[in-house]
Amino acid sequence: MKIKQQFTILSIIIVSIPILCSIFVIIHTYIHSPNRYLIKGSAKIERADFAALSQKDLELLERSLKMLPEDVEAVLCRTTDRKIIYSTIPDIEVGTYMERNELWNYATETSDKYFYQFSRLQILDSNIFLVTRLSRQKIYSTPQTSIYLRILLLIIIIAVISLHLITIIAKSIFHGLNNIQSSSSRLAEGKLDSPIITNPCTKNQNEFICILNSLETMRCELVEMQERKNHFIMGISHDLRTPVAVIKGYSEAIQDDVITEKEEIKKSIELIEQKATQLESMIDTLINFMKLNIKEIKENLINDSITKIINDFGKYAQVTGTLFKRNVTVNISINEDIQVPLNIQLVQRSFENIFSNAIRYTKENDSIDISAYTKKSNNKNTLFLKIKDTGCGIDKKDLDYIFDLFYRGTTSRQEEGMGIGLAVVKNIMDTHGWKISVESQKGHGTCFTIKIPYTPASA
């Protein structure tokens, strides 16, 4: 659940709980108050029960008792002599005498079964003490009370669920914040070994999970960057050490008069110059690679004809193949001028790099096939460019690493180079949003496949 939704629910619950509690108190008080039963209905009163009262007193008293419901029992006690002049309570008989304390004690003893109400009636010169009661069982058995009790039960259930939801939401929020705080602290301290654990269930993802996933992605990228950095340093150290060692060795030999003959000194200086040139070339290659700014390239891609670039590449491959005595065949089956966003120089460089590898790892009279065609699948148009050779192939254990920076397979270790070429090609493909893959078998050649998505001009 999203954090915004959680806070919305939390706000609604926080506002609704006091309202529900207020409603609960009002209903509960109303249910347990007998007053709601004493304001309607009527009571039948016989004049014979009040023979001692005057006609006027009886009319006044009769008018008062008519306010009582039929299921309300009542007792009238004259205050002057404490005589019971009217009673519908079976335990209290008319004509008996009861003190007020006795009535009160009786009401207290039976209060678990009845609601009692005490009041004084002033009828001219007579003071009448009125006691009314109502059965609790009748109150709770009424349909109205049953409805009220169900409402109270519903309010209690809603309140409990709301409190449970508050606990869950609060726990989720605090747990997410704690995870983010601890994870970001580990990253800040450079502790990249421990993975950031997130909930793999996509249905329960919220902003905190997304942040943790982003932190985990960042951690993986930092680990990969650190490994690349170490690999970079190791690669530079390994590849630059050889020409430097040669230059240093021959310089010291000349300086220490180990080499004294003029012809040997000349050959040594030529070798030093050759290795210095090689060293300069390697440094230039590194600089060019470091200048390959992917973000800047992406922002400056221009719509151009990939068809023309592939056709030009095919012509270049045929001419170059003739020079190096390779059998190059070109089969380009593209009938339309396909426009895609690209950087012409980088694309040409990547195609030529792959082709130069095919030349390098094939022998005279070996075959190199270049083919290009389009295919539509799942409403997506893709241009395929394949560069296939019948050379020595790539060892299976090297296939997963040939696009890594400074990686040199078992076949290429005897060749000059720094293992940067295919890494540059992969970066160029990724920058353009293209895919490159390789299939190879030791001793049976290699096939590079480039997939270029495009949108037809008529679309």
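Our subject is the structure that appears above.
Structure report, in brief. These figures come from a predicted structure and were not determined experimentally.

Thresholds applied
Residues numbered from 1 in each chain as written. Predicted model: local features only at pLDDT ≥ 70, side-chain atom pairs only at ≥ 80, totals over all residues. Heavy atoms only, no water. Salt bridge = Lys/Arg side-chain N within 4 Å of Asp/Glu carboxyl O. Helix = DSSP H or I, 4+ residues; strand = E, 2+ residues; numbered from the N terminus. Buried < 20%, exposed > 50% of the residue type's maximum accessible area, 1.4 Å probe, protein only. Pairing = 2+ DSSP bridges. Axes fitted to C-alpha atoms, helices over the stretch in contact; angles between N-to-C directions. Parallel < 35°, antiparallel > 145°, perpendicular 65-115°, else oblique. Left-handed = near helix turned anticlockwise from the far one by under 90°. Contact = heavy atoms within 4.5 Å. Nonpolar A, V, L, I, M, F, W, Y, C, P; charged D, E, K, R; others polar.

**Points about the pattern of salt bridges**
If you walk through the whole model with that rule in mind, you get five salt bridges. A salt bridge links Glu-73 to Arg-133; the nearest nitrogen and oxygen atoms lie 2.5 Å apart. With Glu-73 in strand β1 (residues 73-78) and Arg-133 in strand β4 (residues 126-135), this residue pair connects regions lying 60 residues apart in the sequence. Between Asp-312 and Lys-308 there is a salt bridge, with its nearest N and O atoms 3.0 Å apart. With a gap of four residues between them, Asp-312 and Lys-308 both fall in helix α9 (residues 306-323), about one helical turn apart. Accessibility expressed as a relative area gives 32% for Asp-312, which makes it partly exposed. Judged by relative accessible area, which is 52%, Lys-308 ranks as exposed.

**A few points about the pairing of strand β9 (residues 380-389)**
Among the 10 residues of β9, seven are classified as buried, and the element is accordingly described as predominantly covered. Examined bridge by bridge, strand β8 (residues 367-377) and β9 share 10 bridges and lie antiparallel to one another. By the bridge assignment for β9, Tyr-373 is matched with Phe-384. Taking the residues that link successive antiparallel strands as the turn, the β8-β9 hairpin has two residues, and the phi of Asn-378 there is positive, at about 55 degrees. Relative to strand β11 (residues 446-454), β9 runs antiparallel, the two sharing nine bridges. In the strand pairing of β11, Phe-384 is matched with Lys-451.

**Some words on the packing of α9 against helix α10 (residues 344-360)**
The interhelical angle for the contact between α9 and α10, taken along N-to-C directions, is 30 degrees, at an axis separation of 11 Å. By the criterion of interaxial angle, the relationship of α9 to α10 is roughly parallel. Here α9 and α10 pass one another in a crossing that is right-handed. Contacts from Ile-306, Ile-309, Ile-310, Phe-313, Tyr-316, Ala-317, Thr-320 and Gly-321 of α9 reach α10 at Ile-344, Val-347, Gln-348, Phe-351, Glu-352, Phe-355 and Ile-359. Of the residues belonging to the contact of α9 with α10, the class tally is 11 nonpolar, three polar and one charged.

That's the geometry; what it means functionally is another story.
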